[in-house]
Every structure is written in structure tokens, then in C-alpha cells.
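# A closer look at the structure
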Amino acid sequence: MGSAKDKIWTEILRSFNIEDTTIRKKYILQLAGKRHRGWRTFLTNKYLKDKENFFVEYDPEYPVKYAIFITEEEWVAFVAQRRDENFKKVSATNRERASNPTYAYKKGRLGYARLEEKILDETKSDATSLPPHVLWKEARVGKDGTVRDDVQHIYDECETLSQSISTAEDQENRSVLSRALNVPEYPGRVRGKGHGCTPTSLYKNPRRRNPSNQEVMETLQALQAQVLQLQKDNERYRCMEKCSSQLKETSEKASINCQNKFPEGISSCQLYLSSPTYRLVGKGKVHNTSGDLLHHRPLPDGHLKVSVDVVLDKDALLPIPDIVSEATLLRDAIGSFVAWPLDLIFIDDEVFAQGSQQLSQKIGSRQKNKRDLPVTYLPKKGAFVPRYQISLETLVDSSDMATAGAIRLLDMEEDIFGYSCTETIGKEDLEHIFRHQELGVGVIHTYIRFLYDNFMRGNDQLSNRFRFVSSSLVNKALICREPDSCREYLVKRFMASSTNNLYLWPYNSGCHWLLLAIDPLKEVVYFLNSIDGEWTNYPDMKQLVDTSIKVFRSQRQARVPRTKSSNITWIKVQCPLQRNGIDCGYFVMRFMREIINMNQIEIPITYFDEYKCAHYTRLQLEQIKEELCQYFIEKRLISI
């Protein structure tokens, strides 16, 4: 049966211009089955029955004119099946039931869908659909406009029930209309909406199902990992409490900007808040420099200047609002300088102690004329060796990039993001790669340039199929402050091609990286999130994407049925999940690489079989870092 359906679908696609999707295929094959049953009924009435609609006694002749559709053997089997007494009994019962319906449909061949469009046009309503019981009642109003009492009674009962039954209960159990009619509901059907309407298509969300054993085990493992992380955070918090008393002594000497308790210069740090609870809210860099100013003004007493890189609590308030950008939330201060209380700034002692140890080991190894490599990277036997990371770190330590504030510029061609720009790479960005810390937009864009140079340049098939969206022009902060400019940029990117393209957009929500893969022509958005969140958690981002696709649809003058004008499809891809709060940027880079490598516009809901796994291993992420470091070396961005 499956092969027969596939043959029918192949012939339909060859004869008609139809979108090859699962939903359309199911609907059209159902319609084809309905037409086939009608044709069998036609054969029965024409060849097997007389004028009085009784079965004839003699054997009917084989219909030669339909020989291309039915063989003689199939005809003999068809005649025997139709003459079977059980078939005649079922047919008579169904015919009697259909000839005298309790609530007769009175709109002829208009159909529910066209009736709904007609009512919406006449009432000039902004709604995209009518409640099922309202449409059911209108379909049973005759030409004289009168409504039977029993139909009006059912409608009134539906109105009463709709006030007490939620939409979720309506979907999960029985609809309001089936309750009022007191009839059982068939699975996969919505009563009063016509042929082809299913609960999934009407309510826009799938029915809930019980999780599998594998999903339960994965959830349990994730909870165990969270408990372990909470235990580590608790131990770290206790250590920080011991250090807070020492830092308070420093805060009393706030008249001097340079604090002795902090390393002099620029250092990576963790940012805490004490109200309403004591918690870690972000990460950045503390600038402990004598005479340093904040926006050309002296720093407040007991504060130091910090730059915000990563936000861990999206609702965290700034201790002192930023007077330049008028920002009050920490997430709005990413990439800028703010004042932070001394006793709430903590240097990552482990990182700096490790860095100091590596530096002393390097100096000692150079004095002994040994290899110019960090001793801490000497691998165990059989272990993975990050060769390019070691080489790049050695180059950085031997160049001017070893000093704070040093940068490198990387040109981004117009074909990458739709405009020419220059990406800035700082020493801190390289340190984040070496230490496996949270990544900034500069590193993500550099990896996009690597993908373009090594996969897409010179490959017309890939370069015409995949495109990128700049995270610098469309991100959480800009969506809130300048939504119009973000929408204009997205629409301009979508208008760049007349063929099907998949636009890869690394989106930074302020404290987390995720990936959107957008097919604007098919109006499909693939959502890849390594922390298993929903797109509903990012309403500003979703609204921007939906609006941009609608504007793109309007500009290319595409015709979409009124009932489907708002049906932009969002698909959550079951991609690998991270097990900490650091790896999201590395996951996004690997997602982009795998999507381009598979060379498919459509991403399976369960992700690609070749890359399907619950979590990426550290080795899989190290491979991405190796590609980045190799690209830095080959582009000669770091030279002695």
C-alpha cells in the first residue's frame, strides 16, 4: 500500500505544481482516496445495478474503456466483493444513515472552507477563522435564512459550554460542539471545520504524549548534572564569603581607583549582586587602572570600571544605571562600561593562577632551549593534542597581541552578510578560545568567515543555498532599541535571492547563543537551541522574524490564502544539548558546520542522522576550536 501511495504522489507532483511537504501530501492522498471511492461507486451503479438500483443477476461485462485503470482479474475480484452479502448490509446501513441526517448541511457544494471565507469577507472581520460551532450553525441555515429550533438549541449550548471549557481542554478531550451534540469524536478530526482539518493544524501545537524511557533517562541525567553544578556553586559561594571580608577593607580606600586586591590592568572577572539574593549575574573584565574614568567622569566611591561580556541573569539590574545609554538592565550593557561595587567583583583565581604557572613554565623551558610550548598542554599518551591551539597561543605570547588592548581586523566580504564590514578580534577573544570560555560575536563571525572560505567559496551550489545573518545587526539589544532597522536588514537579506535559501542566524539573547535557520520562501523557521528551550521564551525575536517574513512576502507579491496568511511554520529541532553554561557558542558553530556539510534546505526534526547524539563530547567541540585556530594561523592574523 505504501508503494502505491508513493507512485500516486509521484504522478501528482509530475502533473501539478504542489509544495512537497508532509502535510500537503497527506491531505492530497486523502483527497485522492475519496475520489477513488467515488469512482468505484460509479462502476457499481453503472455496471452492477439496474435502473431500480438493484444488483443484476447476470455477470456484467468487463468495461474495456477503463482497461488502463483496471485489469480483468481486478474486475472479477471487484464484482465478487460488491456482491458479497456483508458488503451489501454495511452499504445499506450507511446509505440509510446518510439519506436522513439529524442536522442537514444546507450549503450545497460550497464547503466549510469557502463558507468560512465568505462569512469573514461579508463581516469584514480581522479574524482568520471562526469557532467550529459558529461555522456549524451557519452551514445549516437554509436559503430563507431561518434556523431550525434544534440547530439553535445546539448553538446556544455550545455558547454556554465555551465559557467554562478552556482551549487546551477542548483540544485534549472533546470539542465544545461534540459535547453539545453528545456524540463520540473521531481521532484526528475537528467537527464543524470541513474535510482535512485536524487538531494539530487548528490549534497549532501537537498533542502531548508520554515521554519515552530514553527521554526520561536523559531528563534524569540533566537533573543530576544540575544538582552537581549547584553543589559546586554552593562551595564556590562559601569560598567567596570568606574573601568578601578582605575585599571590604579595599572598598574603604575607594578614593584611589587602582585597588591592590585586584591584579593591575585588565582582568577577567565574575560579577555578582547581593539583592534580592546573592547570586552570579554576569562575566566581564575589570579595569584596575590608576586614574581611570567612566564616561569622562570619576568613578563612584567603592566601585571599579568593568566591561560586560556575558549576562547570566537576564533580569539583573545594574548597580548604577548607565548615564550614557540610559540602560538599567545588565543585558542592555553588553559591550559597554559600567561601575560595579568592589565587594561584588571576583577575579577568576584559577584561570590567572594557571596562566601565571604556564608563563613561568614557558620562561623556564625557553631558558633550557626546550620547545616553545605551554607545559600545561603536554598531552597524555594517546590523548587528543590541540596542535593548532598550542601553536596559536605561542604566536600570541610572542607577538604584540600578548598586551592588553591589542586587536586584529578581519575583513568580511559583502557576500557573507550582505554588506562589507570589518570584524575586530581582541586578545580577550583568543583567551576565551584557549580557556574554553563564553564566546563573543567576533569569534562567531570569524568562524562564519571560515565556513564561507573553506566550504562555500567557489562552490556555487552551497553559496547559492546557504546565507548568513549578521549577529551584530540583529541581536537582543538592537531588537528592543531599533526594531525597524533589524526588520529592514532581514527583509533585504531575504530579497537577495529568488531561489530557496537557508539563512543561518546565530542569535544572542543577551546571555545565550542559539541558531535560527530560516527558509523565507517556504516560510519555515528551524529553531536549534542547545539548552532545550522553546522559541516562546524569545518573543521579541519571534515577532521580528514573523514580521520580516510577512513583509518579504508582500514585497515579492506572493499570494497566500487568507486562512494561511499567519501560518509561518516554526520547527524545534531535537539537536544535541549542552551540559554546562559555557558551550552554547561552540554548539552554534558546530550546528552551522553540520548543516552546510549536509547540504540540505530542510532540517529533520530529529536532526541529521549522521550527527545525531544527545550531547556533543569535549573532543567534538575541540575540533571546532582547532579549525578556528588553524584559520587564524593560515590567514596570518597573528604574526611575530
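For the structure, see preceding data.
Quick look at the structure, then. (Residues numbered from 1 in each chain as written. Predicted model: local features only at pLDDT ≥ 70, side-chain atom pairs only at ≥ 80, totals over all residues. Heavy atoms only, no water.)

## Topic: the overall build of the protein
Along the protein, the regular secondary structure elements total 22 helices and 14 strands. Evaluated residue by residue, the protein yields a buried proportion of 41% over its 640 residues. Counted over contacts in the protein with a minimum sequence separation of 6, partners at least 24 positions apart contribute 62%. (Helix = DSSP H or I, 4+ residues; strand = E, 2+ residues; numbered from the N terminus. Buried < 20%, exposed > 50% of the residue type's maximum accessible area, 1.4 Å probe, protein only. Contact = heavy atoms within 4.5 Å.)

## Brief notes about the nonpolar core
Ranked by internal contacts, the top residues of the largest apolar core, which has 87 residues, are Phe468, Trp505, Leu516, Leu528, Ile603 and Tyr607. The dominant element in this core, judged by the number of residues it contributes, is helix H21 (residues 584–598), at 10 residues. When residues no more than four places from it in sequence are discounted, the contact partners of Tyr607 are Leu528, Val573, Gln574, Cys575, Pro576, Phe591, Glu594, Lys612 and Tyr616. Within the second largest apolar cluster, 23 residues are counted, among which are Val281, Ala316, Leu344 and Phe346. (Core = buried A, V, L, I, M, F, W, Y, C linked by side-chain atoms within 4.5 Å.)

## Let's talk about the sheet that holds strand S12 (residues 513–519)
On the basis of which strands lie adjacent, the open sheet formed by five strands has the order S10-S11-S12-S13-S14 and mixed pairing. Edge strands, defined here as strands with exactly one partner in the open sheet, are strand S10 (466–468) and strand S14 (569–572). Neighbouring strand axes in the sheet, compared pairwise and without regard to direction, differ in orientation by 25° on average. Where strand S11 (residues 502–508) lies against S12, six bridges are found, and the strand directions are antiparallel. Paired with Trp505 across the strands is Leu516, a residue of S12. Strands in contact with helix H16 (residues 441–456) are S10, S11 and S12; relative to S10, the strand with the most contacts, it is inclined by about 155°. (Pairing = 2+ DSSP bridges. Axes fitted to C-alpha atoms, helices over the stretch in contact; angles between N-to-C directions.)

## Thoughts on the packing of H21 against helix H22 (residues 618–634)
Close contact between H21 and H22 brings their axes to 10 Å; oriented N to C, the two are set at 80°. When the axis of H21 is compared with that of H22, the two are roughly perpendicular. Residue-level contacts link Tyr586, Phe587, Met589, Arg590 and Arg593 of H21 to Gln620, Leu621, Gln623, Ile624, Lys625, Glu627 and Leu628 of H22. Among the residues forming the contact of H21 with H22, the class breakdown is six nonpolar, two polar and four charged. (Parallel < 35°, antiparallel > 145°, perpendicular 65-115°, else oblique. Nonpolar A, V, L, I, M, F, W, Y, C, P; charged D, E, K, R; others polar.)

## Re the packing of aromatic side chains
A complete count under the given rule lists 23 aromatic pairs for this structure. Pairing Phe450 with Tyr631 gives two aromatic rings, centres 5.8 Å apart and planes at 75°, and the pair type is edge-to-face. Placement of Phe450 in helix H16 and of Tyr631 in helix H22 is noted, with a sequence separation of 181 residues between them. Phe450 sits in the buried class, given a relative accessible area of 8%. We classify Tyr631 as buried; its relative accessible area is 3%. Here the aromatic residues Trp505, Tyr507, Phe527, Trp535, Tyr538 and Trp570 are joined through ring pairs into a cluster of three or more. Looking at Lys305, its charged tip hangs above the ring of Phe337, at a distance of 4.6 Å from the centre. Positioned above the aromatic ring of Tyr616, the side-chain terminus of Arg590 is 5.2 Å from the ring centre. (Phe/Tyr/Trp six-rings, centres within 6.5 Å; stacked < 30°, edge-to-face > 60°. Lys NZ or Arg CZ within 6 Å of the ring centre and 35° of its normal.)

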